[in-house]
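# Summary of structural features
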Amino acid sequence: MSTETEEEDEQSEKKYRKCEKAGCSAIYPVCFASASERCAKNGYTSRWYHLSCGEHFCNECFDHYYRSHKDGYETFASWKKVWTTNGKSEPSLKAFMADQQLPFWVQCTKPDCRKWRQLTKEIQLTASLAATYRCGMKFNNIKNDGPDQCSQPEDMRVAEVTNSWWHAMLILPPLFKDSPASPFLVAYYPDCVGMSPSGSLSTVTKADLYDCDKHVSYSSVPGLCPYFQPFYQPNECGKALCVRPDMMELDELYEFPEFSRDPTMYLALRNLILASWNSNCTEVLTLEKCAQHIIIRGLVRVCCVQEMDRVLHFMTRKGLINTGVLAVKQPLLPERYGTKNVIVIGAGASGLAAAKQLQNFGTQVVVLEARDRIGGRVWDDMSLGVTVGRGAQIVNGCVNNPIALMCEQMGIKMHKLGERCDLFQKGGVTTDPAIDKRMDFHFNAILDVVSEWRKDKSQHQDTPLGEKVQEVKKNFLQESGIQFSELEEKVLQFHLSNLEYACGSTLDQVSARSWDHNEFFAQFSGDHTLLTQGYSVLLHKLADGLDIRTKCPVQAIDYSGDVVKVTSTNGSQWTAHKVLVTVPLTLLQKNMIHFNPPLPERKLKAIHSLGAGIIEKIAVQFPCRFWDKKIQGADYFGHIPPNPDKRGMFSVFYDMDPQGKQAVLMSVISGNSVTTVQDMEDKEVLEECMKVLQELFKEQEVPEPLGFFVTRWSTDLWAQMSYSFVKTGGSGEAYDILAEDVQGKLFFAGEATNRHFPQTVTGAYLSGVREASKMTAM
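Residues numbered from 1 in each chain as written. Predicted model: local features only at pLDDT ≥ 70, side-chain atom pairs only at ≥ 80, totals over all residues. Heavy atoms only, no water.

### Comments concerning the overall build of the protein chain
Rule in force here: Secondary structure is summarised from DSSP: a helix means a run of H or I of at least four residues, a strand means a run of E of at least two, and numbering begins at the N terminus for each. With a 1.4 Å probe rolled over the protein chains alone, any residue whose accessible area is under 20% of its type maximum counts as buried; one over 50% counts as exposed, and the rest are partly exposed. Should any heavy atoms of two residues lie within 4.5 Å, those residues are counted as being in contact. Residue burial considers only the protein chains on display, and all accessible areas are found by Shrake-Rupley using a 1.4 Å probe. Charged-residue counts in this description rest on Lys and Arg as positive and Asp and Glu as negative, His and the chain ends being excluded. Working definition for charges: the position is that of NZ of Lys, CZ of Arg, CG of Asp or CD of Glu.
Helices and strands together make up the secondary structure of the protein chain, namely 25 helices and 26 strands. C-alpha atoms of the protein chain, sized along the principal axes, occupy 115 × 65 × 55 Å. Taken over 778 residues, the protein chain has a buried fraction of 55%. A fraction of 71% describes how many contacts in the protein chain between residues 6 or more apart in sequence connect residues 24 or more apart. For the protein chain, the exposed surface amounts to about 35600 Å²; the carbon and sulfur share of it is 50%. Between the mean site of the 83 positive side-chain charges and the mean site of the 94 negative ones, the protein chain shows a separation of 3 Å.

### Quick word on the pairing of strand β23 (residues 664-669)
Here is the rule: Strands are labelled as partners when DSSP assigns at least two bridges between them.
Counting buried positions over the six residues of β23 gives six, a clear majority of the element. Judged by which residues are buried, β23 turns out to be covered on both faces: Val-664, Met-666 and Val-668 on one side and Leu-665, Ser-667 and Ile-669 on the other are all buried. Inspection of the sheet shows strand β22 (residues 649-655) paired to β23 by four bridges, in the antiparallel sense. Opposite Tyr-654, over in β23, you have Met-666 as the bridge partner.

### Overview of the nonpolar core
To keep it simple, the criterion reads: As used here, the term nonpolar core means buried Ala, Val, Leu, Ile, Met, Phe, Trp, Tyr and Cys residues forming a set that is joined through side-chain atoms within 4.5 Å.
Judged by nonpolar contacts, the single largest core of 109 residues is most densely connected at Ile-273, Ile-294, Ile-403 and Met-414. Other than its neighbours up to four places away in sequence, Met-414 contacts Tyr-227, Val-395, Cys-398, Ile-403, Ala-404, Cys-407, Thr-529, Leu-530 and Leu-531. Core analysis: the next-biggest nonpolar cluster, separate from the first, contains 40 residues, Val-491, Cys-503, Ile-615 and Val-668 among them.

### Description of the sheet that holds strand β5 (residues 341-345)
Strand order in this open sheet of five strands is β13-β6-β5-β17-β26, and the pairing throughout is parallel. Of all strands in the sheet, those with a lone pairing partner are β13 (548-549) and β26 (746-748), marking the two edges. Two elements, β5 and strand β17 (residues 578-581), share four bridges in a ladder whose sense is parallel. Looking across to β17, one finds that Ile-343 is bridged to Val-579.

### Observations concerning the UniProt feature "domain: SWIRM" (unreviewed entry) in the protein chain
Cut-off, in case you're wondering: UniProt positions are given in the numbering used here, feature names are shortened, and annotations may be inferred rather than shown by experiment.
In the UniProt entry, the feature "domain: SWIRM" (unreviewed entry) is given for residues 234-332. Split by type, residues 234-332 is 45% helix and 0% strand. Its first and last C-alpha atoms lie 33 Å apart.

### Some points on the environment of Glu-695
Heads up, the condition is: N or O atoms within 3.5 Å of each other form a polar contact, as long as, within protein, one can give a hydrogen and the other can take it, and as long as residues adjacent in sequence are counted only when both atoms are side-chain atoms.
The topology assignment puts Glu-695 in helix α23 (residues 682-696). Exposure remark for Glu-695: the relative accessible area of 22% places this residue in the partly exposed category. Each C-alpha atom of the pair Glu-695 and Phe-424 lies 9.2 Å from the other, and the pair is 271 residues apart in sequence. With sequence-adjacent residues up to four places away left out, Glu-695 is seen in contact with Gln-425, Lys-426, Gly-427 and Gly-428. Within the structure, Glu-695 has its side chain in polar contact with the backbone nitrogen of Gly-427 (distance 2.7 Å).

### Notes on helix α4 (residues 93-101)
Most of α4 is tucked away, with seven of its nine residues classed as buried. Of the residues making up α4, those classed as buried are Leu-93, Lys-94, Ala-95, Phe-96, Met-97, Asp-99 and Gln-101. At its buried positions, α4 is contacted by β1 (48-52), β2 (55-58), α2 (59-66) and α3 (73-86).

### Details of the pattern of salt bridges
Rule in force here: Should a side-chain nitrogen of Lys or Arg be within 4 Å of a carboxyl oxygen of Asp or Glu, the pair is scored as a salt bridge.
A complete count under the given rule lists 37 salt bridges for this structure. A salt bridge links Arg-377 to Glu-751, with the shortest nitrogen-to-oxygen separation between them at 3.4 Å. Placement of the pair is Arg-377 in the loop between β6 (364-368) and β7 (380-381) and Glu-751 in the loop between β26 and α25 (761-777), with a sequence separation of 374 residues. Arg-625 is the salt-bridge partner of Asp-655, the closest N and O atoms lying 2.4 Å from each other. With a gap of 30 residues between them, Asp-655 in strand β22 and Arg-625 in the loop between β20 (616-621) and α21 (628-631) connect regions that are remote in the sequence. Taking the relative accessible area as the measure of exposure, Asp-655 reaches 8% and is therefore buried. Among the residues examined, Arg-625 registers a relative accessible area of 16% and is labelled buried.

### Considering the domain arrangement of the protein chain
Selection criterion: Residue ranges assigned to the domains are those given by an automatic or database domain assignment. Buried area is calculated as the accessible area (1.4 Å probe) missing from two parts once they are joined, with the contributions of both summed. The nonpolar class holds Ala, Val, Leu, Ile, Met, Phe, Trp, Tyr, Cys and Pro. Asp, Glu, Lys and Arg form the charged class, and all remaining residues, Gly among them, are polar.
Taken domain by domain, the protein chain comprises domain 1 (15-102), domain 2 (107-137 + 154-205 + 224-318) and domain 3 (341-376 + 533-611 + 730-777). Look at where the C-alpha atoms of domain 2 and domain 3 centre, and you get two points 36 Å apart. Facing the five residues of domain 2 at the interface are eight residues of domain 3. Between domain 2 and domain 3, the buried area comes to about 480 Å², and carbon and sulfur atoms account for 68% of it. Taken as a group, Leu-241, Arg-317 and Lys-318 account for 77% of the area that domain 2 buries against domain 3, more than any other trio of residues on that side. The interface formed by domain 2 and domain 3 includes zero salt bridges. In terms of residue class, the side of domain 2 that touches domain 3 is built from two nonpolar, one polar and two charged.

### Quick word on the sheet that holds strand β16 (residues 573-576)
What counts, and what does not: For helices, the fitted axis covers only the stretch in contact; all axes are lines through C-alpha atoms, and the angles between them, taken along N-to-C directions, range from 0 to 180 degrees.
Within the open sheet, the four strands sit side by side as β16-β15-β14-β18. Their pairing is mixed. Edge positions in the sheet fall to β16 and β18 (594-596), since each of these pairs with one other strand and no more. Taking each pair of neighbouring strands and ignoring which way they run, the sheet shows an average axis angle of 15°. Taken together, the three bridges between strand β14 (residues 554-558) and β18 define a ladder with parallel strand orientation. What sits directly across from Ile-557, in β18, is Phe-595.

### A closer look at the state of the cysteines
As used here, a disulfide is simply a covalent bond connecting the sulfur atoms of two cysteines. Where we set the bar: By definition, disulfides here are pairs of cysteine sulfur atoms that lie within 2.5 Å.
In the structure shown here, the tally under the stated rule is zero disulfides. This cysteine, Cys-24, is not joined by any disulfide, and Cys-19 carries the nearest cysteine sulfur, 3.9 Å off. The buried category is assigned to Cys-24, whose relative accessible area is 16%. Take Cys-281: it sits in no disulfide, and the sulfur closest to it among the cysteines is that of Cys-225, at 7.7 Å.

### Some words on the pairing of β2
In β2, alternate side chains face the same way, and those of Glu-55 and Phe-57 on one face and His-56 and Cys-58 on the other are all buried. Pairing geometry for β1 and β2, over four bridges, is antiparallel. Bridged to Tyr-49 within β2 is Phe-57. Hairpin geometry of β1 and β2 is characterised by an intervening segment of two residues between the two adjacent antiparallel strands.

Okay, structure coming up:
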């Protein structure tokens, strides 16, 4: 009896065989390939090859391509050659089947259907087909007169794909073809960045990849703004807001831990999204727009489209895409993100950035602003016939800078500032460039020695930067036996005045240990530009459609209860779940807002370890451009201080109309000179400025000015500063502590909360984007 049962078992064993992959749910595998005449279809084969739980091929079809005497071998061999030339991964037969033989799946675009359908083998999926596909769509002009095809049930294997285990059972990582990212990433092995090596022939040889001097550019991407460089190229580093296309960032790993072992699918999706956004940043990037570019065979396409939704939401929340001055018709994030209401205090760059992001995410936002205008320390003045920023107006480093993104979105051209800056001395003499070059070298060498000195110093051994610079200079002169001439000394003073302008302070206040604390992070590279139309046009565009209440100074914030209560000086009250404070550092230092309970000790200490830097500006309008001939089209010229006491008094003059039509010069007052002008009337400041110009252009008549203004940021009630710096004894960590939220109810933004990019509108803007993301994630 028993032998009969064994024989029956053997018979049924011959009729079919289970999949080789442990845990595969396919009890009766079916061969998708049908390549060999002897294909097992859904019958018996000596071995099933597993690609996914719903996709297998039989041993006969394996042999058809793999055995050199079979018909399919040539096809496999030529594919293998292309793959090996371009790729880094193993050109196995399984990879060939996944890359070339699996059928495509496509989703019906009818909103009330959205079912997935398998295309027949001969149909190639393209982005336009994916964007227009309807169930039962016929190709080659064949009319479809059958019943409503959308009512046909969906293949049962599609439902399986949504289970988390399905992805884990995939044999090969998905590699996209014709990804929008491919022109951006020609310098990489395609399979290292989520793309198929068979899809495109790379134009860069492998030797180039390891040649550090060969800079692979973005020139192969048609119409791309030159300031958009979202991906690091091989051997490139230290560029702000750039990602490695072949690696996940820390916050990505935190959000998507399931991709930590094999990040290929994540990278393929993220790179596709970033490339698409950089190619067109004027429209919202949606799942539909991205999904049509996911060109990959097999059921894994269903999986990729589902994951794309999550990746899009993450990148939108982080402000990596769908950001800037984009006009949004419906919320960018699902409802669960946008339930709470938020009050933003301050309508400067950081407050407006946060409010715009939050509103675009679907959150209710009210912005309270003390002044009768928006912009904060961005304040453009048109009174002299051109736009002159009383506050910020220059963009330092445009590559990947969100300011460049907003200019691109609004079609605004930035004026690239030239390198040349002639230095004029008393009597109008132009300084020999060789002397300037030499002193610039010595100046930077002094700062390099300061950098060496601080390597083994703790915060407690800090010293003022001014003292340290003098000490290093003195030691250098003694040890080298070099003597600086009187002119060289003055040129050095000019360079020191630029340093005081950068710090917004005299050097005796600034920390020698931490004065350039942010240089340890990747900074913005590329052109420095002048926003000839000013920053205000961007901020007003950001403010479009926001609920902003001006003339509403906030005097108290009570966050002791479940909701936060905000009271203004006129007694008006508002409540919200979360409040974002973006007021300038000085106002926090002077307790202009009463917090209940008081802010944590740690935060108060950080607030007071930073300095509130001040620079002032003067702008003067003339009847003609008397400087043109002498400076020969340069954007600015320098003025060497006649003695150290005059350091920082109009050290650089900027030509405010690069078009060369209007005659307006703007100059900056920094360092000790700020204190000097504080005690002067505007008229007296103008007189001082005119004396300097008459001295620098001695060979000609300097005409009487037609108009002018002098800024007074130090006495501006709602600023009382220009930008922050690290005081002696402080450290860059203070910026991070300032950025910490309190109890998940109170949040902080502004340039003095951005450790990476302090002192800039860009830094303020990004801090607002950061806090909007933080509030939305909580």
